[in-house]
Amino acid sequence: MKKIAMIGLRGSGKTCFTTAMTMAMNSGIKLDDGSVFNLSFADLQQMAPLMNAYMGMTNDRNWPASTDAKNSYDFNSSLSLRRVLSFTLLDYPGGWLTDPNHMSEMLQEFNECASIIVLVGADMLRQFIHGNMGLYPYFSMLQQFTQNVISEFDKEGSVFPPTIIAITKSDEFANEGEIKQAYDFLKQRFAAIFAVGTNIVSGLTHIQLGNNLKNNEAKIEGDLILKPEFGNLSIPILFSLYASTFTNRENVISGGKIAGLKLTEAKKTLLESQNQNIIKRLRDRISGRQKRIEETVIDMSRTVEGAKEQLSNLSKVIHSIEPTLINGTELYYNGERINNGERIN
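Residues numbered from 1 in each chain as written. Predicted model: local features only at pLDDT ≥ 70, side-chain atom pairs only at ≥ 80, totals over all residues. Heavy atoms only, no water.

A. Seen up close, the packing of aromatic side chains. Taken as a whole, this structure holds 12 aromatic pairs when the rule is applied. Where Tyr 138 meets Phe 139, the ring centres are 5.1 Å apart and the plane angle is 75°; that geometry is what we call edge-to-face. Measuring from ring centre to ring centre gives 5.3 Å for Phe 153 and Phe 160, while their planes differ by 85°; the resulting arrangement is edge-to-face. Overall, Phe 153 belongs to the buried group, its relative accessible area being 3%. (Phe/Tyr/Trp six-rings, centres within 6.5 Å; stacked < 30°, edge-to-face > 60°. Buried < 20%, exposed > 50% of the residue type's maximum accessible area, 1.4 Å probe, protein only.)

Spelled out as structure tokens, the structure:
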């Protein structure tokens, strides 16, 4: 089962996002191509606390309480009833990002992750952009943590997992201009994720759970709208599925090319063997060389055909998700913007 890590400092809205996203997407989201993507709990016992928190939000108008422990949730995701990815969502406490004692554990788990979701609160982001320098340590800590993790991956010669930065509470923004300003700020602040030459799949999005939402002593004020189609609520998970599928496709393409080269070489060797005189052909047959060559041709042919089928299935998933994802995300690969499957400057 693949893993998706979710990080963010205290107050970034991780608990609210997890509660709203998982319960809303359980009913499914209709993608731009008409297919339906949905999440289901692999472990129903894990569903209970999220369901209670969700009911507290919708019925009692209570914001979920923040957590100080790491939580994990197992999900199955399906595209038009066909399972495409099973994953564990790892929800890390905000305090862990500034605690050296937890760094090694997080690094080890990040190495096993299909993607990373970084949550940043629009309330603090907006204040900082407008001059509240008292929040400088907040963003500096998050930036430093990210840079340290990337450096550790670089030391090991590993590519950093696909990463999306999601701005929560985006109904705090006054207009589209402020959202663009926030995107530009984050791309500058987390330049290592969006830099050319990193081969990182990365993205930016903004999420809202309603309109004019406020926290009045843990009570929800404003218009709460917990729907998968609203406020880019589904985008972080769609990004994770897209990135995982994108990476798998690249691996299949690479493996298919290698198998294709081996198949070409094996066919050439087989042809050369068949064109030998009868004595040498008999010698190859008796020694088993001829059989080994034939088996290599068969194995490589199966591998190539299997790669073609895998590539077709993976491409279908990508093509289904991509339009919806791009509508709600600035998507990048190796520092270059992706638009409808094509890289743009």
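Picking up after the structure, the text goes on.
B. Main features of helix α4 (residues 122-129). Looking only at α4, the buried set comprises Ala 122, Asp 123, Leu 125 and Phe 128. Taken together, the buried residues of α4 touch β6 (113-121), α5 (136-155), β7 (163-168) and α6 (176-189). Positive phi shows up at Gly 131, right after α4, with a value of about 110°. (Helix = DSSP H or I, 4+ residues; strand = E, 2+ residues; numbered from the N terminus. Contact = heavy atoms within 4.5 Å.)

C. Just the packing of α4 against α5, in detail. Here α4 crosses α5 at 115°, and the two axes come no closer than 10 Å. Considered as vectors, α4 and α5 are oriented roughly perpendicular to each other. The chirality of how α4 crosses α5 is left-handed. In this structure, α4 uses Met 124, Leu 125 and Phe 128 to contact α5, whose residues at the interface are Tyr 136, Tyr 138 and Phe 139. Here the residues of the contact of α4 with α5 sort into six nonpolar, no polar and no charged. (Axes fitted to C-alpha atoms, helices over the stretch in contact; angles between N-to-C directions. Parallel < 35°, antiparallel > 145°, perpendicular 65-115°, else oblique. Left-handed = near helix turned anticlockwise from the far one by under 90°. Nonpolar A, V, L, I, M, F, W, Y, C, P; charged D, E, K, R; others polar.)

D. Up close: the nonpolar core. Counting 53 residues, the largest nonpolar core has Phe 37 and Leu 209 as the members making the most contacts within it. Considering every element that reaches this core, the biggest residue donor is helix α8 (residues 235-274), with eight residues. Ranked by size, the runner-up nonpolar core spans 40 residues in total, among them Leu 90, Trp 96, Phe 128 and Leu 186. (Core = buried A, V, L, I, M, F, W, Y, C linked by side-chain atoms within 4.5 Å.)

E. Examining the pattern of salt bridges more closely. Counted under the stated rule, the structure contains nine salt bridges. Between Lys 187 and Glu 330 there is a salt bridge; the shortest N-O distance is 3.1 Å. With Lys 187 in helix α6 and Glu 330 in strand β11 (residues 330-333), this residue pair connects regions lying 143 residues apart in the sequence. One connected set of salt bridges, linked through shared partners, spans Lys 180, Asp 184, Lys 187 and Glu 330. (Salt bridge = Lys/Arg side-chain N within 4 Å of Asp/Glu carboxyl O.)

F. Local environment of the pairing of strand β5 (residues 82-91). Of all the 10 residues making up β5, seven are buried; the element is thus mostly covered by neighbouring parts of the structure. For strand β1 (residues 2-7) and β5, the ladder comprises five bridges, and the chain directions are parallel. Note on β5: the bridge partner recorded for Lys 2 is Phe 87. The pairing of strand β4 (residues 71-79) with β5 spans nine bridges and is classified as antiparallel. Opposite Ser 78, over in β5, you have Arg 83 as the bridge partner. Once β4 ends, the chain turns through two residues before running back antiparallel as β5, passing Ser 80 with a positive phi of about 50°. (Pairing = 2+ DSSP bridges.)

Functional significance is not addressed by these values, which are geometric in nature.
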